[in-house]
Amino acid sequence: MSTAIYPGSFDPITNGHVSILQSGLRAFDHIIVAVLHNPQKSALFTVAERTEMIREALGGDPRFEVDTFEGLLVDYAKKRQANVVLRGLRAVADFEYELQMANMNRHLNDEVETVFIMAKDAYFYVSSNLVKEAARLGGDVSRLVPPGVAERLRAKLRP
Ligand code: PNS
């Protein structure tokens, strides 16, 4: 069985993430969505809220697993006996950051390979940060995030 780890902050998960995950199933049997628990970085949603929203968005598909990790991604990959990290690529702006991360991860453990999937054009400019900013200012982001996320954004940002 082929397993990949799809790591990220997911603050919150967007339809862009969901689309990459669905495409990922064409290449992998099992995908572990790994939410980074980083106490140094302030997030809008707690790790528990983020994992709950991801579980809801993935609708109980057994090919997906949702987990959290702390510390180095390559150490987590080793612990989970997975040697592929899956990342989505959107516009060119992602490339530099992704290249740096993939190279750093390769430097730390060259048995872990990073595989990229291109985002669908509809999600090229969708990011968790822009979704939060638009929602905070009262914009309608309901087509960019799963329904549960849109509700939680409303509740948290515009109670
Ligand atoms: O959704 P994001 O914020 O772009 O995801 C970034 C993430 C979580 C994949 C990255 O920050 C990460 O892997 N952090 C764990 C720490 C680590 O392994 N750092 C070294 C590689 S750059």
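Structure shown above.
Residues numbered from 1 in each chain as written. Predicted model: local features only at pLDDT ≥ 70, side-chain atom pairs only at ≥ 80, totals over all residues. Heavy atoms only, no water.

### Brief notes about the pairing of strand S3 (residues 64-69)
Sheet topology places strand S2 (residues 30-36) next to S3; six bridges connect them, and they run parallel. The residue of S3 that forms the bridge with Leu36 is Phe69. As a crossover connection, the stretch from S2 through helix H2 (residues 47-58) into S3 is right-handed. (Pairing = 2+ DSSP bridges. Helix = DSSP H or I, 4+ residues; strand = E, 2+ residues; numbered from the N terminus. Right-handed = clockwise from strand over helix to strand, strands pointing away.)

### Overview of the site of the ligand
Around the ligand, 14 residues are found, and the nearest of them are Ser9, Leu73, Arg87, Tyr97 and Asn105. In this structure, Leu73 approaches the ligand through a main-chain N or O atom, which is 2.8 Å from an oxygen atom. Tyr97 is positioned with one of its side-chain polar atoms (N or O) 3.3 Å from an oxygen atom of the ligand. For the ligand, whose accessible area on its own is 540 Å², the fraction buried by protein is 76%. Only strand S1 (3-8) and helix H4 (93-108) provide two or more residues apiece to the shell around the ligand. (Near = heavy atom within 4 Å. Polar contact = N/O pair within 3.5 Å; in protein donor to acceptor, adjacent residues only side chain to side chain. Areas by Shrake-Rupley, 256 points an atom, 1.4 Å probe, with all protein chains shown as cover.)

### Description of the nonpolar core
Tyr6, Ile31, Ile54, Leu86 and Leu153 are the most contacted members of the largest nonpolar core, which totals 32 residues. Within the residue set of this core, elements represented by two or more residues are S1, helix H1 (15-24), S2, H2, S3, strand S4 (84-89), helix H5 (128-136) and helix H6 (147-157). Dropping the residues within four chain positions of it, Leu86 is found in contact with Ala4, Ile5, Tyr6, Pro7, Ile20, Gly24, Phe28, Ile31, Val115 and Ile117. Counting 11 residues, the second-largest nonpolar core is a separate cluster that includes Ile32, Val74, Tyr76 and Val85. (Core = buried A, V, L, I, M, F, W, Y, C linked by side-chain atoms within 4.5 Å. Buried < 20%, exposed > 50% of the residue type's maximum accessible area, 1.4 Å probe, protein only. Contact = heavy atoms within 4.5 Å.)

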